[in-house]
Amino acid sequence: MQADIAAHYLEEVRRQFRGHKRLAEGAIAQLKDEELFIALDPESNSIAILVKHLAGNMRSRFTDFLTTDGEKPDRNRDQEFEMTSATTRADVLRFWEEGWARVFAAIEALKPEDVMRTVTIRGEPHTVLQAINRQVAHYAQHTGQIVFLAKHFRSSEWQTLSVPRGKSRDFNAMAQKYEKGVLRERPEGR
């Protein structure tokens, strides 16, 4: 039974990571190139900075996930919050894809019996479950920031990534049709 729960957990983690990735990508896709680099004030991060930070975190945490500390000695976290004027949208998207590729490669390699193994992050022991949950929460926080900023920048041009305002009843009716087998695809909504 524990193996079943662990397998279910790993599948749920994959689902959540895919969901965070898809949500942020839906927001980023709506932006003009220059909007990726706008910070609301000197203490805020641009979307490009958030992506660069996430990619750095993903590389550090998920490279050799089971065998090395999640805070790699060559990581320069402070540099993740710096951006040069030469950085392009293509660079930002490359950071993004490379980071997620590491996450999914590491998660796909895990077996149910790995879930309770011990890994370290900054020398602190975590079960694999704890380490992954830590990252799910971290990535969710930054995904929310990306969506918030993109929605702010696009304003009235924003295309919702969830159930549109005033359309909850329509969404619920579609979900019921799916449950009854009338629709083949489950409607997307948060």
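Residues numbered from 1 in each chain as written. Predicted model: local features only at pLDDT ≥ 70, side-chain atom pairs only at ≥ 80, totals over all residues. Heavy atoms only, no water.

Caption draft 1: Local environment of the nonpolar core. Core analysis: the largest hydrophobic core is formed by 43 residues, its most contacted members being Phe17, Ile47, Ile132 and Ile146. Sorting the residues of this core by element identifies helix H1 (2-28), helix H2 (47-62), helix H3 (89-109), strand S1 (118-121) and helix H4 (128-154) as the ones contributing at least two each. Sort the elements by how many residues they give to this core and H4 lands first, with 10 residues. When neighbours within four sequence positions are excluded, Phe17 is seen to be in contact with Phe62, Trp100, Val103, Phe104, Ile107, Ile132, Gln135, Val136 and Tyr139. (Core = buried A, V, L, I, M, F, W, Y, C linked by side-chain atoms within 4.5 Å. Buried < 20%, exposed > 50% of the residue type's maximum accessible area, 1.4 Å probe, protein only. Helix = DSSP H or I, 4+ residues; strand = E, 2+ residues; numbered from the N terminus. Contact = heavy atoms within 4.5 Å.)

Caption draft 2: The arrangement of the pattern of salt bridges in detail. Considering all chains together, one arrives at 17 salt bridges under this definition. Residue Glu11 pairs with Arg18 through a salt bridge whose shortest N-O separation is 3.4 Å. We classify Glu11 as partly exposed; its relative accessible area is 39%. Sharing partners across several salt bridges, the network here consists of Arg61, Glu71, Arg75, Glu80 and Arg122. (Salt bridge = Lys/Arg side-chain N within 4 Å of Asp/Glu carboxyl O.)

Caption draft 3: Representation of the packing of aromatic side chains in the model. For the coordinates displayed, the defined rule picks out 7 aromatic pairs. Both rings, one in Phe17 and one in Trp100, keep their centres 5.8 Å apart while their planes meet at 65 degrees; by these two values the pair is edge-to-face. Residue Phe17 is found in helix H1, and its partner Trp100 is found in helix H3; the two are separated by 83 residues along the sequence. Ring geometry for Trp100 and Tyr139: centres 5.8 Å apart, planes at 75 degrees, overall edge-to-face. Here the residue Trp100 occupies a position in helix H3, and Tyr139 occupies one in helix H4, the gap between them amounting to 39 residues. An identical accessibility class is assigned to Trp100 and Tyr139; each is buried. (Phe/Tyr/Trp six-rings, centres within 6.5 Å; stacked < 30°, edge-to-face > 60°.)

Caption draft 4: Summary view of the packing of H2 against H3. Between H2 and H3, whose axes approach to 8 Å, the crossing angle comes to 30 degrees. Relative to H3, the element H2 is oriented roughly parallel. The two elements H2 and H3 cross, and the hand of that crossing is left-handed. When H2 is examined against H3, the residues Ala48, Val51, Lys52, Leu54, Ala55, Met58, Arg59 and Phe62 are found in contact with a partner set consisting of Val92, Phe95, Trp96, Gly99, Trp100, Arg102, Val103, Ala106 and Ile107. (Axes fitted to C-alpha atoms, helices over the stretch in contact; angles between N-to-C directions. Parallel < 35°, antiparallel > 145°, perpendicular 65-115°, else oblique. Left-handed = near helix turned anticlockwise from the far one by under 90°.)

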